[in-house]
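Each chain, letter by letter, is given below.
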Amino acid sequence: MLRGGMADEDSRDALRRIARERGASLAKLSRFIGRNDAYLQQFVTRGSPVRLDEEDRRKLATYLDVDEEVLGGPPSDIPRPEDMVLVRRLNIEAAAGRGRMVEDEFAVGKFRFERHWLRQLSPAGPDELSIITFVGDSMAPTINDGDDGLVDHSSAGRRVRDGIYVLRRDESLMVKRLAMAPRAGTVTIVSDNPAYPTWSDVPVSEIDVLGRVIWASRKFG
């Protein structure tokens with residue numbers, strides 16, 4: 001379905017173009033909405049009426065398979081089912097603390113997100129993303145105990161640069177901030193909570209980066 005915000009003038013141009021693409025004459029569309037044959041022709045060429053009647057616009061949008069916003073309607077704030085994607089929730093917990101052993105992982109559910117919103121966070125597909133839970137307070141106040149996070153496991157998401165990552169080190173799974181160190185091939189592993197240690201000049205080969213944390217939800221109470 002075609003979507004997009006347009007001014008009134010653009011909505012008239014859009015209707016003319018979409019009708020042509022669908023192979024439907026303006027006269028035919030006018031009859032479809034119960035108007036005289038010249039009604040939509042006058043709308044697109046003379047601007048009369050200035051706006052389509054709400055019911056006329058709804059019928060045309062449904063028939064032409066476009067969003068009402070394209071025909072001059074208000075933006076829709078409610079995502080449609082086809083605009084949503086599912087992201088798996090994994091059973092693993094990444095420690096914002098001393099680290100936790102993880103033997104295996106499997107999906108225990110799925111979260112539904114708006115496709116466009118996800119694309120603003122990462123170009124990764126939904127099958128390259130996951131939701132996991134963080135435990136511990138070593139990354140506080142950035143990430144607190146019990147917060148959930150969205151992790152990008154794509155090749156770009158696993159590429160080490162400055163940011164917060166889920167990683168394995170010495171067989172323990174943890175969430176930490178990585179900062180590129182001056183010495184080539186090394187990183188600094190940072191705990192945002194100063195009560196916890198920071199490791200400097202760690203060879204990248206000693207860590208297994210599972211993905212970049214691109215969003216986190218905050219737990220209250």
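Refer to the structure printed above.
What you are looking at is a predicted structure, and each value in this text was computed from that prediction instead of being measured.

## Describing the overall build of the chain
Reasoning step 1: What the chain contains, in helices and strands, is six helices and ten strands.
Reasoning step 2: Taking the intrachain contacts of the chain between residues at least 6 apart in sequence as the baseline, contacts between residues at least 24 apart amount to 56%.
Reasoning step 3: With the model as given, the accessible surface of the chain reaches about 12,100 Å², and the carbon-plus-sulfur share is 49%.

## Side note on the pairing of strand β7 (residues 172–180)
Reasoning step 1: As judged from the seven bridges shared by strand β6 (residues 163–169) and β7, these two strands associate in the antiparallel manner. Within β7, the position partnered with R168 by the bridge is L173.
Reasoning step 2: What sits between the antiparallel neighbours β6 and β7 is a turn of two residues, in which D170 has the positive phi angle 50°.
Reasoning step 3: In the sheet, β7 pairs with strand β8 (residues 186–190) via four bridges, with the strands oriented antiparallel. By the bridge assignment for β8, R177 is matched with V190.
Reasoning step 4: Linkage of β7 to β8, two consecutive antiparallel strands, is achieved through a turn of five residues, within which G185 is found at a positive phi near 80°.

## Focus: the packing of aromatic side chains
Reasoning step 1: Tallied over the entire structure, the rule returns five aromatic pairs.
Reasoning step 2: Measuring from centroid to centroid gives 4.6 Å for F32 and Y63, while their planes differ by 40°, and the two rings are tilted. Pair noted here: F32 is in helix α2 (residues 26–32) and Y63 is in helix α4 (residues 54–64), with a separation of 31 residues, a long-range link.
Reasoning step 3: The interplanar angle of 90° and the centroid separation of 5.4 Å between the aromatic rings of W117 and W215 together place this pair among those described as edge-to-face. Here W117, found in helix α5 (residues 115–121), pairs with W215, found in strand β10 (residues 208–217); they are 98 residues apart in sequence, far enough to count as distant.

## Overview of unusual backbone geometry
Leaving glycine aside, a negative phi is the common case for residues, and trans is the common case for peptide bonds.
Reasoning step 1: Here the residue pair S48 and P49 is connected by a cis peptide bond, since its omega of 5° sits within 30 degrees of zero.
Reasoning step 2: Structurally, P49 is set in the loop between α3 (39–46) and α4.
Reasoning step 3: Residues other than glycine seldom take positive phi values, yet D65 does so here, at roughly 60°.
Reasoning step 4: As for its placement among the helices and strands, D65 is situated in the loop between α4 and β1 (84–95).
Reasoning step 5: Backbone geometry at D201 places phi at a positive 50°, although glycine is not the residue there.
Reasoning step 6: The residue D201 is located in strand β9 (residues 199–203) in this model.

Criteria and thresholds
- Residues numbered from 1 in each chain as written.
- Predicted model: local features only at pLDDT ≥ 70, side-chain atom pairs only at ≥ 80, totals over all residues.
- Heavy atoms only, no water.
- Helix = DSSP H or I, 4+ residues; strand = E, 2+ residues; numbered from the N terminus.
- Contact = heavy atoms within 4.5 Å.
- Areas by Shrake-Rupley, 256 points an atom, 1.4 Å probe, with all protein chains shown as cover.
- Pairing = 2+ DSSP bridges.
- Phe/Tyr/Trp six-rings, centres within 6.5 Å; stacked < 30°, edge-to-face > 60°.

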